[in-house]
Amino acid sequence: MSTVFIQIGQCGNQIGHAFWRKVVKDDEITKSHSFIHTDGKLRAVVVDSEPKVVRKITKNLPFREESIVTGKRGRGTNWALGYYGLKRSGDDHLLEDTLEAVRKEVERCDCLNGIVLLHSLSGGTGSGFGSRLTETLRNIYPIHYLMSCVFAPHASGESPLQHYNSMLSLSTLQRNVDCIVITHNDDVLNRVQRRKAQENVSFAQLNDTIASHLCGIFLPTDSLKTKSAYSLGMEPWEMVRTISPMPNLKFVQVAQYMNSKMSWSDLLSKLSATWRKYDSCGKPYNSIGTICVARGDTTNSFPLHMSTLETKLSQSFHCVDWNPFPIDFWHAKSNTCGSRNSASLTVATNCSSVVQYLNTVLERSKVMYNAGAYLHWYWRHGANKVDFEQSFETLENVITDYKAAVK
Ligand SMILES: Nc1nc2c(ncn2[C@@H]2O[C@H](COP(=O)(O)OP(=O)(O)OP(=O)(O)O)[C@@H](O)[C@H]2O)c(=O)[nH]1
Ligand SMILES: [Mg+2]
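Residues numbered from 1 in each chain as written. Chains lettered and ligands numbered in written order. Predicted model: local features only at pLDDT ≥ 70, side-chain atom pairs only at ≥ 80, totals over all residues. Heavy atoms only, no water.

1. Details of the packing of helix α13 (residues 354-371) against helix α15 (residues 385-405)
Stated precisely, the cut-off is as follows: Under this scheme, a helix contributes an axis fitted over its contacting stretch, all axes are lines through C-alpha atoms, and angles between N-to-C directions fall in the 0 to 180 degree range. Secondary structure follows DSSP: runs of H or I at least 4 residues long count as helices, runs of E at least 2 residues long count as strands, and numbering of each begins at the N terminus. Here is the rule for angles: anything less than 35 degrees is roughly parallel, anything more than 145 is roughly antiparallel, 65 through 115 is roughly perpendicular, and the remaining ranges are oblique. Should the near helix be turned anticlockwise from the far one by less than a right angle, the crossing is left-handed, and should it be turned clockwise, the crossing is right-handed. In what follows, residue pairs with any heavy atoms lying within 4.5 Å of each other are defined as contacts. When residues are grouped by polarity, Ala, Val, Leu, Ile, Met, Phe, Trp, Tyr, Cys and Pro land in nonpolar, Asp, Glu, Lys and Arg in charged, and all others, Gly among them, in polar.
In contact at an axis separation of 10 Å, α13 and α15 are set at 150 degrees when each is read in the N-to-C sense. In this view, α13 runs roughly antiparallel relative to α15, as classed from their interaxial angle. As for the relative orientation of α13 and α15, their crossing is left-handed in sense. Listed contacts from α15 to Val354, Val355, Leu358, Asn359, Val361, Leu362, Ser365, Lys366 and Tyr369 of α13 are Lys385, Phe388, Glu389, Phe392, Leu395, Glu396, Val398, Ile399, Tyr402 and Lys403. For the contact of α13 with α15, the per-class residue count stands at 12 nonpolar, 2 polar and 5 charged.

Next comes the structure, spelled out in structure tokens:
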């Protein structure tokens, strides 16, 4: 049972690097061969339209040489250039080369469960090429799971094209993947600033935290092991099956709290304090489905605390009342995503709070589109009105469906 990871663009690769640095320390995942091949190479395809970042991140981890795909020129923070490619310059083999590397990686799996993509929503390669790739992979692998872990830009101070890029990629993902795990750079930054009590946080610190969140969900748990205590590496796909089963409600957000000396209940209170629970009018956001993963359960006593935690979780995440089983618990003895002796709680939730972000992206894009702002950059690289209008419609439908689901 294997998972293939594809890390795309600068952001996808830097976060992928932080993720794998943690994964390789986990004995269970190494033994199960679900993320790491029997020959010790990572089941990962590394893609970027330019070689610089890839050169750096592939130095000290066992990436497979033939699964590294690079082009010669970045995609200039432009979804259209990433999606439609560099037609005129002859440097347009990125898609073919990537698909070939993915095909070979899939052939090395006895049984492929699914593919996880890591990419930004606002870079030209991450958003545009990432969109094109998910669309193509959906056609090639129609029955396998596809999951995108996407990273949303800071709300201000980045590229003026970020709203268009985010909107165009979110809508393509909505149409093609089974689950979108969305991380907001601003949210992670705030959490790290608060935890470390420091103003300046580097990308490395940010990525380490994001990687820890992903490991919190993806690494093996005792709850999903077979009777013979063997891990099948099903965690990512069990998460999709449990909390993202509906094609129109597939956004998942992750939060985590880690400490060595706290009770499970205190860990949950701390985690819950970092979670945005109400909209600007004071109306609660609702969770449609939630998975809570406890790691570092050295005494195997976590199950005794589950009913108390369930009550607490359902109150703080305002679980919808139409789902009779809104919360699942998984637990594991070790906590490889943190330091020795630490325990962590990680929550992955399909929550209506994503609507706030989708609304912002949609509204800003519409204002810019109606004013004709920056559109020539998109037409120049092959995008057309249909790309935009279809994306507006897709995101509007997602927002409507989330609102209806939590009414
Ligand atoms: N969390 C995090 N975000 C990053 C990192 N690097 C870039 N970003 C974010 O990603 C977005 C830019 O996307 P990149 O991944 O740099 O762009 P790209 O996909 O390489 O695309 P082009 O360079 O335009 O071809 C911005 O929103 C950045 O804030 C990183 O290491 N960590
Ligand atoms: Mg780049």
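2. Examining the side chain of Asn350
Filter applied, for reference: Pairs of N or O atoms within 3.5 Å make up the polar contacts considered here, provided that, within protein, one atom can donate a hydrogen while the other can accept it, and that residues adjacent in sequence are counted only when both atoms are side-chain atoms.
Of note, Asn350 is situated in strand β10 (residues 343-351). Among the polar contacts listed, one links the side chain of Asn350 to the backbone oxygen of Ile243, at a separation of 2.8 Å. Side chain to side chain, Asn350 and Tyr402 meet in a polar contact 2.6 Å long. Here Asn350 is in contact with Ile243, Ser244, Leu249, Lys250, Phe251, Asn286, Ser287, Ile288, Gly289 and Tyr402, once residues within four sequence places are set aside.

3. Focus on the domain arrangement of the protein chain
Heads up, the rule is: Segmentation into domains, and thus their bounds, comes from an automatic or database assignment. Each of two parts loses accessible area, computed with a 1.4 Å probe, when they are put together; buried area is these two losses added.
With domains assigned, the protein chain is organised as domain 1 (2-243), domain 2 (254-351) and domain 3 (356-405). Distance between the C-alpha centres of domain 1 and domain 3: 24 Å. Counting residues at the interface gives 24 residues for domain 1 and 26 residues for domain 3. Buried surface at the junction of domain 1 and domain 3, both sides included, amounts to about 2,100 Å², of which 67% is carbon and sulfur.

4. Here's the deal with the packing of helix α11 (residues 264-273) against helix α12 (residues 302-316)
Interhelical geometry of α11 versus α12 gives an angle of 25 degrees and a closest axis separation of 10 Å. Classified by the angle their axes make, α11 and α12 are roughly parallel. Taken as a pair, α11 and α12 cross one another with a handedness that is right-handed. For the pair α11 and α12, the contacting residues are Trp264, Ser265, Leu268, Ser269 and Ser272 in the first and Phe302, His305, Leu309, Lys312, Leu313 and Ser316 in the second. In terms of residue class, the contact of α11 with α12 is built from 5 nonpolar, 5 polar and 1 charged.

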